[in-house]
Amino acid sequence: MSDSPPKSWLPLVLIVGGLVVWGGLLALGAFLNWGADQPHHDLRKAAIVVGTMTGFLALWGMALLVRSRRRP
């Protein structure tokens with residue numbers, strides 16, 4: 001039998017994937033915003049949502065990286 005390390009990365013990948021999908025849907029909703037008089041397709045709103053989600057995931061990834069390097 002071979003001892004394989006536990007797949008501790010799988011939950012993290014699933015969470016990050018879910019956050020990316022959720023951020024994409026939020027960005028799509030911000031882009032396809034329907035106003036009272038007409039639809040407004042403003043790419044800046046979607047860019048703000050995507051940028052915020054990217055920044056959050058980058059900070060979270062850096063925190064996980066620092067934590068994994070501090071562990072003995």
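The rules behind each value
- Residues numbered from 1 in each chain as written.
- Predicted model: local features only at pLDDT ≥ 70, side-chain atom pairs only at ≥ 80, totals over all residues.
- Heavy atoms only, no water.
- Helix = DSSP H or I, 4+ residues; strand = E, 2+ residues; numbered from the N terminus.
- Buried < 20%, exposed > 50% of the residue type's maximum accessible area, 1.4 Å probe, protein only.
- Contact = heavy atoms within 4.5 Å.
- Areas by Shrake-Rupley, 256 points an atom, 1.4 Å probe, with all protein chains shown as cover.
- Expected span 1.5 Å × (residues − 1).
- Patch = residues over 30% accessible without salt bridge, like charges linked within 9 Å, V, L, I, M, F, W, Y side chains within 5 Å.
- Salt bridge = Lys/Arg side-chain N within 4 Å of Asp/Glu carboxyl O.
- 1 Å grid on protein atoms, 1.4 Å probe; cavity = no way out; pocket = protein on both sides within 12 Å on 5 of 7 lines; lining within 4 Å.
- Points joined across faces, edges and corners; volume = space filled by probe spheres on them.
- Nonpolar A, V, L, I, M, F, W, Y, C, P; charged D, E, K, R; others polar.

A tally of helices and strands in the protein yields 2 helices and 2 strands. Overall, the protein shows an N-to-C arrangement of helices and strands of α-β-β-α. Across the 72 residues of the protein, 10% fall into the buried class. For the protein, restricting intrachain contacts to residue pairs at least 6 apart in sequence, the fraction spanning at least 24 positions comes to 40%. Carbon and sulfur atoms make up 70% of the accessible area of the protein, which amounts to about 6,200 Å² in all.

This part is about helix α1 (residues 9-31). In an α-helix, one turn spans 3.6 residues, which is why side chains three or four residues apart end up on the same side. The end-to-end C-alpha distance of α1 is 33 Å, a good match for the 33 Å that 23 residues give at a rise of 1.5 Å each. For α1, the complete set of buried residues consists of Leu 19, Gly 23, Ala 27 and Ala 30. Of the surrounding elements, those touching the buried residues of α1 are β1 (33-34) and α2 (43-70).

A surface patch of nonpolar side chains, about 410 Å² in accessible area, is lined by Trp 9, Leu 10, Val 13 and Leu 14. Within the element layout of this structure, Leu 10 appears in helix α1.

In this section: the environment of Asn 33. Position of Asn 33 among the secondary structure elements: in strand β1. Exposure remark for Asn 33: the relative accessible area of 29% places this residue in the partly exposed category. Linking Asn 33 and Ala 46, residues 13 residues apart in sequence, is a C-alpha distance of 10.0 Å. Contacts of Asn 33, omitting those with residues within four sequence positions, involve Pro 39, His 40 and Lys 45.

Below, the discussion takes up the layout of surface pockets. Roughly 160 Å³ of internal volume is contained in the largest pocket. Together, Ser 8, Leu 12, Trp 60, Leu 64, Leu 65, Arg 67, Ser 68 and Arg 71 line the largest pocket. Residue contributions to the lining of the largest pocket peak at 5 residues, all from α2. Taken together, the residues that form the lining of the largest pocket break down as 4 nonpolar, 2 polar and 2 charged.

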